[in-house]
Amino acid sequence: MLSCEVSLYPMETTNSDQIINQALAALQDQGVTCEVGTMSTYISGSPEQVWQSIKTLYDTASSRAKELSMVVTISNSTK
């Protein structure tokens, strides 16, 4: 089991909420558990699923935003 906390920050855009929501929607078929908060999203699943989800989030958001920052904290702790 792997988990992560991820925050997306689209820059140079007026529609950052839309970009973030589209990126999160792309995770629906990843097979991970997502908890969306006001400042970040918590993702958990198998290591392969979590790493793929991080890539999916980044790829989806970066295709819609000219510039993007993404902060990720990863844990393999089961607690």
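Here, the structure is the one placed above.
Residues numbered from 1 in each chain as written. Predicted model: local features only at pLDDT ≥ 70, side-chain atom pairs only at ≥ 80, totals over all residues. Heavy atoms only, no water.

**Some details on the overall build of the chain**
In step 1: The number of helices and strands found in the chain is 2 helices and 4 strands.
In step 2: The secondary structure elements of the chain, listed N-terminal to C-terminal, are β-α-β-β-α-β.
In step 3: Over its C-alpha atoms the chain spans a radius of gyration of 12 Å, differing by no more than 12% from the 12 Å that the globule rule assigns to 79 residues.
In step 4: Along the three orthogonal principal directions, the C-alpha set of the chain runs to about 40 × 20 × 15 Å.
In step 5: With 79 residues in all, the chain has 32% of them scored as buried.
In step 6: Taking as baseline every contact in the chain between residues at least 6 positions apart, the subset at least 24 positions apart corresponds to 66%.
In step 7: Of the accessible surface of the chain, which amounts to about 5,100 Å², a share of 47% is contributed by carbon and sulfur atoms.
In step 8: Charge separation in the chain, taken as the distance between the mean sites of 4 positive and 8 negative side-chain charges, equals 4 Å. (Helix = DSSP H or I, 4+ residues; strand = E, 2+ residues; numbered from the N terminus. Rg over C-alpha atoms; globule rule 2.2 N^0.38 Å. Buried < 20%, exposed > 50% of the residue type's maximum accessible area, 1.4 Å probe, protein only. Contact = heavy atoms within 4.5 Å. Areas by Shrake-Rupley, 256 points an atom, 1.4 Å probe, with all protein chains shown as cover. Lys, Arg positive; Asp, Glu negative; His and termini not counted. Charge placed at Lys NZ, Arg CZ, Asp CG, Glu CD.)

**Notes on the sheet that holds strand S1 (residues 2–11)**
In step 1: What the 4 strands build is an open sheet, ordered S2-S3-S1-S4; its pairing is antiparallel. One side of each edge strand has no neighbouring strand; the edge strands of this open sheet are strand S2 (33–36) and strand S4 (67–75). Strand-to-strand twist of the sheet, defined as the mean angle between neighbouring strand axes without regard to direction, takes the value 20°.
In step 2: Contacting S1, S2 and strand S3 (41–45), helix H1 (residues 16–25) runs over the sheet at an angle of about 150° to S1.
In step 3: Lying over the sheet, helix H2 (residues 47–62) contacts S1, S3 and S4, oriented at roughly 170° with respect to S4. (Pairing = 2+ DSSP bridges. Axes fitted to C-alpha atoms, helices over the stretch in contact; angles between N-to-C directions.)

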